[in-house]
Amino acid sequence: MKITDDIIKVLKAGKKFAVAIHINPDGDAIGSQLAFVRALKKMGKEAAAYMQAPIPDNYRFLPGSESIKIVDSLPESFDTLVCLDIPELDRLGKFEESVKGFKSIINIDHHICNARYGIVNISETSASATAELVYHIIKRLDIEIDAEMAVCLYTGIVTDTGSFQYRNTTAEAHRVVADLIENGVRAEKVTREVYEARNLSQVKLLGLTLETMSFSSDGRISWLWVTKKMKDLVGSQPNDTEGFVNYARSVKGVEVAVFFEELDDANIKISLRSKISRVDVNKVAHKFGGGGHPAAAGAVVSGTPEEIEEMILKIIKIEFKNEEK
Ligand code: 5GP
Ligand code: MN
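Residues numbered from 1 in each chain as written. Chains lettered and ligands numbered in written order. Predicted model: local features only at pLDDT ≥ 70, side-chain atom pairs only at ≥ 80, totals over all residues. Heavy atoms only, no water.

(A) Molecular detail of the coordination of the manganese ion (ligand 2). Around the manganese ion (ligand 2), the protein contributes the donor atoms D28 (OD), D85 (OD), H110 (NE2) and D160 (OD), which lie 2.1 to 2.5 Å from the metal centre. Each donor residue of the manganese ion (ligand 2) belongs to the same chain, with the gaps between them written as D-x56-D-x24-H-x49-D. On the criterion of sequence distance, the pair formed by D85 in the loop between β4 (80-84) and β5 (104-109) and D160 in helix α4 (residues 147-160) is long-range, its members being 75 residues apart. Neither residue differs from the other here; D85 and D160 are each classed as buried. (Donors = N, O, S within 2.8 Å, 3.2 Å for Na, K, Ca; no water. Helix = DSSP H or I, 4+ residues; strand = E, 2+ residues; numbered from the N terminus. Buried < 20%, exposed > 50% of the residue type's maximum accessible area, 1.4 Å probe, protein only.)

This is the structure we're talking about:
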């Protein structure tokens, strides 16, 4: 992957860097962020990671996670903002307001819907994860990838590829991961921390969620619901629903899987996955103000559960018809 000179120049020129990721961050966003901050510090820069909510429990093992700053707005005295895994600035949530305070914005991302904001943007859809891009940037800076960076970058790639199962699992992703393992990553330790340290509330919630599984009459669409009531019943914690959509996706014959989660009285979180089918779920999510990748996308929509379910299923069915034309 070719990393152009412009990003290297901006990174070398900046002095104080704020590194931000999207709201409701996943393993790729957090892993990329921590590795990037570490690399900037190795360059002798002042750098810090910012988030607006505490890091999910299963990513607390990542080196550097204890120094992430949980704030309502980004610092005003920094010159450069690095945005990682953020296709559009509204994905910064509360931080979007503070963007105007920065002299330069660097945009490093792998989403197809990237808006190409920033004075430099590396928006590379062929990358399995933003972490893969961060790996190449660090290499291009001639900084040694230490064991701490390696575990962060590995976590980014392993989570965004669904443990090397999805269509973004490329030969290049494997080459990068091979190098990360040679630099000290213990793959089974990451698996244990990320996937095998679940809260009991999460497993209980999964049990209730699977009971809601529904199918379209042709079996090509499957969907799941998590309501507020279900979450209250098990005492669920933030992020407990990560990966639930994959159970709908895993059923034979299902081509598009949808996960609906009631966030509050007005808003529903939707996760979409596309398997086998050519239905581009990024397009579907975009119609509801969200986005993502062709095979994995999401949105937050306001309305009643009944209305939203009906609208989403209708759009997916239209997309199936369009694909068949
Ligand atoms: P998930 O369904 O796991 O939350 O997200 C799947 C993909 O869709 C990720 O690439 C994520 O960044 C993107 N995504 C999820 N929710 C939203 C959203 O509300 N807006 C946008 N633009 N993208 C989203
Ligand atoms: Mn990503």
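(B) The site of ligand 1, seen in detail. In the region of ligand 1, 14 residues are neighbours, and H111, K269, S271, R273 and G291 sit closest. Between G291 and ligand 1, the recorded distance is 3.2 Å, taken from a backbone N or O atom to a nitrogen atom. Look at ligand 1: alone it shows 490 Å² of surface, and the protein chains cover 83% of it. A per-element tally of the shell around ligand 1 places strand β12 (residues 296-302) first, with five residues. Considered class by class, the residues forming the shell around ligand 1 number four nonpolar, seven polar and three charged. (Near = heavy atom within 4 Å. Polar contact = N/O pair within 3.5 Å; in protein donor to acceptor, adjacent residues only side chain to side chain. Areas by Shrake-Rupley, 256 points an atom, 1.4 Å probe, with all protein chains shown as cover. Nonpolar A, V, L, I, M, F, W, Y, C, P; charged D, E, K, R; others polar.)

(C) Molecular detail of the packing of α4 against helix α6 (residues 187-195). Viewed as axis vectors pointing N to C, α4 and α6 meet at an angle of 65°, and their least axial separation amounts to 11 Å. Regarding α4 and α6, the two cross each other, and that crossing is right-handed. When α4 is examined against α6, the residues V151, Y154, T155, V158 and T159 are found in contact with a partner set consisting of A187, V190, V194 and Y195. Split by residue class, the contact of α4 with α6 holds seven nonpolar, two polar and no charged. (Axes fitted to C-alpha atoms, helices over the stretch in contact; angles between N-to-C directions. Left-handed = near helix turned anticlockwise from the far one by under 90°. Contact = heavy atoms within 4.5 Å.)

(D) Local environment of the sheet that holds strand β8 (residues 221-226). With mixed pairing, the six strands of this open sheet are ordered in space as β7-β8-β9-β10-β12-β11. Of all strands in the sheet, those with a lone pairing partner are β7 (214-215) and β11 (291-292), marking the two edges. As paired strands, strand β10 (residues 267-274) and β12 are joined by seven bridges and run antiparallel to one another. For I270, the partnering residue across the bridge sits in β12 and is A299. Of the strands in this sheet, β8 and β9 (256-262) touch helix α7 (residues 200-210), which is tilted by about 130° from β8. (Pairing = 2+ DSSP bridges.)

(E) Representation of the domain arrangement of the chain within the structure. Domain annotation for the chain reports domain 1 (5-195) and domain 2 (200-324). Each of domain 1 and domain 2 was reduced to a C-alpha centroid, and the two centroids are 26 Å apart. Taken together, the contacts link eleven residues of domain 1 with 16 residues of domain 2. Taken over both partners, the interface formed by domain 1 and domain 2 buries close to 980 Å², and the fraction arising from carbon and sulfur atoms is 44%. The interface formed by domain 1 and domain 2 holds four residue pairs in polar contact (both at pLDDT 80 or more) in total. For the side of domain 1 that touches domain 2, the residue count by class is five nonpolar, three polar and three charged. (Domains from an automatic or database assignment. Buried area = accessible area lost by both parts, 1.4 Å probe.)

(F) Structural detail: the side chain of S128. Looking at where S128 falls in the secondary structure, it is placed in the loop between β6 (120-123) and α3 (130-140). When its relative accessible area of 0% is taken as the criterion, S128 is described as buried. If we skip the residues at most four places from it in the chain, S128 touches H110, I157, D160, T161, N168 and A173.

(G) Just the pairing of β10, in detail. Counting buried residues in β10 gives six out of eight residues, a clear majority hidden from the surface. As judged from the seven bridges shared by β9 and β10, these two strands associate in the antiparallel manner. Note on β10: the bridge partner recorded for A257 is R273.

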